[in-house]
Amino acid sequence: MGLSPRSLPDFPWDSLAPYKARAAAHPDGLVDLSVGTPVDPTPAVIRDALAAAADAPGYPTTHGTAALREAVADWFARRRGAPGVDPMAVLPTVGSKELVATLPAYLGLGEGDVVVHPRAAYPTYDVGARLAGATPLAADDVDAWRGNPAVRLVWVNSPSNPTGAVADAAHLAEVVAAAREIGALVASDECYAELSWTGAPVPSILDPQVCGGSHEGVLAVYSLSKQSNLAGYRAAFVAGDPAVIAPLLEVRKHAGLIVPAPVQAAMVAALRDDAHVAEQKERYRARRAALLPAVQSAGFRVDRSEAGLYLWATRDEDCWLTLDYLAERGILAAPGAFYGEAARRHVRIALTASDSGVSAASSRLAKRE
Ligand SMILES: Cc1ncc(COP(=O)(O)O)c(C=O)c1O
């Protein structure tokens, strides 16, 4: 019997191994800026909540505790300019990645259905479409799919991974209006929303300026991995249209996709405490302030990068050549090729390294060795 996952690409990160080996041969060691995995400690307020909920002999509910769903609704009102989130229409997820990868299939999409995602994009939007047997379509311009009834799901991602671009309310409202015209769902992946560097607003899809005060046909997808150093907990949620959340909850109950009870308790603590998010943001701000001028002084142009955890940088050459240049200096970045054809001449440089790693990378780049 031949078992193979549906037409998935090779797992791209494996192709970085030779660059990593080269960078690791640098006499002062490797600085890995290729992945966006947080490196600072999980805040005590969250760890304490996890520990206090460690006695958990029974099954947790798939829908999450009422306390968690209310904390999410309060957080949307307080931090995301999105009042009126119905706690019944909130669903915790085991990190966002599984939701992104399974949403098309769990919505019943399949052959003949189109899933739109940004041109330079987190690869899991494409993977989720393929796992469902649907067709991914990379497009930033609404006109690429306006009026196309085959489009059933549209992913938006602001602030963007990898580019750090922020979509304004007018653009998001245009996406929502075009999707509603054809009865497609808009899923908005917003996990870098707290990490804006320009002071410009980062509107949520659930902001009344975007969705017109109705959550019909829209979902906000959010993860605590980045803002709360919780990637290891797998702590995220989705909220929005009650008519979409209800069947999604049903299928996730059948599939056993349950956030562990201690993690649910930890999420409540994380969502109620804004101080640790502000503190973590300042750490990233300092790393960005060190790295950005160093990258520019080495002859890179940094595009967008208005928010989020990455510098979207180019030397106007193929990304693999840039990766070579960086590896010679003991630095590993992510090639734009991982994020789509549109991104082949950029590299993504993450701010998620220790202060000493960022400082080493900055001085190696500034020296123009
Ligand atoms: C745009 C985007 N969405 C989703 C995720 C997944 O986050 P997690 O699965 O840790 O919640 C990431 C992580 O890097 C991301 O960059």
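Residues numbered from 1 in each chain as written. Predicted model: local features only at pLDDT ≥ 70, side-chain atom pairs only at ≥ 80, totals over all residues. Heavy atoms only, no water.

(A) Layout of the nonpolar core. Formed by 52 residues in total, the largest nonpolar core has its most connected members in F76, W145, I205, L206, L224 and F237. One finds L16, A343, V358 and L365 within the second-largest nonpolar core, a separate group that totals 41 residues. (Core = buried A, V, L, I, M, F, W, Y, C linked by side-chain atoms within 4.5 Å. Buried < 20%, exposed > 50% of the residue type's maximum accessible area, 1.4 Å probe, protein only.)

(B) Local environment of unusual backbone geometry. Cis peptide bonds are those with omega within 30 degrees of zero, and the linkage from S158 to P159 qualifies with -10°. Following the sequence through the fold, P159 ends up in the loop between β5 (151–157) and α6 (169–181). Residue P162 is reached from N161 by a cis peptide bond, and omega for that bond is 20°. We note that R304 has phi near 45°; this positive angle belongs to a residue other than glycine. Relative to the assigned elements, R304 resides in the loop between β9 (301–303) and β10 (310–314). (Helix = DSSP H or I, 4+ residues; strand = E, 2+ residues; numbered from the N terminus.)

(C) Seen up close, the site of the ligand. The ligand sits among 14 residues. The nearest are S96, D189, Y192, S225 and R234. The contact in question runs from an oxygen atom of the ligand to an N or O atom on the side chain of N161, over 2.8 Å. With respect to the ligand, the side chain of D189 contributes an N or O atom lying 2.6 Å from a nitrogen atom. Relative to its unbound accessible area of 400 Å², the ligand is 91% covered by the protein chains. (Near = heavy atom within 4 Å. Polar contact = N/O pair within 3.5 Å; in protein donor to acceptor, adjacent residues only side chain to side chain. Areas by Shrake-Rupley, 256 points an atom, 1.4 Å probe, with all protein chains shown as cover.)

(D) Up close: the pairing of strand β4 (residues 135–138). Across four bridges, strand β3 (residues 114–117) lies against β4 in parallel orientation. Bridge assignment links H117 to a residue of β4, and that residue is A138. Taken together, β3, helix α5 (residues 124–132) and β4 constitute a β-α-β crossover, and its handedness is right-handed. (Pairing = 2+ DSSP bridges. Right-handed = clockwise from strand over helix to strand, strands pointing away.)

(E) Molecular detail of the packing of aromatic side chains. All told, the structure shown has 14 aromatic pairs when counted by the stated rule. The interplanar angle of 50° and the centroid separation of 4.4 Å between the aromatic rings of W75 and Y222 together place this pair among those described as tilted. Of this pair, W75 sits in helix α3 (residues 66–79) while Y222 sits in strand β7 (residues 218–223), and the two are 147 residues apart along the sequence. Take W75 and Y222: they sit in the same class, and that class is buried. Between F76 and F237 the ring centres are 6.0 Å apart and the planes differ by 80°, which places this aromatic pair in the edge-to-face class. (Phe/Tyr/Trp six-rings, centres within 6.5 Å; stacked < 30°, edge-to-face > 60°.)

(F) Examining the packing of helix α4 (residues 96–106) against helix α8 (residues 242–255) more closely. Contact geometry of α4 with α8 gives a least axis separation of 11 Å together with a crossing angle of 110°. In this view, α4 runs roughly perpendicular relative to α8, as classed from their interaxial angle. Taken together, the residues of α8 that come into contact with α4 (itself represented by E98, L99, T102, L103 and Y106) are L248, V251, R252 and A255. Considering only residue class, the contact of α4 with α8 consists of six nonpolar, one polar and two charged. (Axes fitted to C-alpha atoms, helices over the stretch in contact; angles between N-to-C directions. Parallel < 35°, antiparallel > 145°, perpendicular 65-115°, else oblique. Contact = heavy atoms within 4.5 Å. Nonpolar A, V, L, I, M, F, W, Y, C, P; charged D, E, K, R; others polar.)

(G) Expanded view of the packing of helix α2 (residues 44–52) against helix α9 (residues 261–272). Where α2 meets α9, the closest approach of the two axes is 8 Å, and the angle between their N-to-C directions is 150°. Between α2 and α9 lies a crossing of right-handed hand. Taken together, the residues of α9 that come into contact with α2 (itself represented by V45, I46, A49 and L50) are P262, V263, A265, A266, A269 and A270. (Left-handed = near helix turned anticlockwise from the far one by under 90°.)

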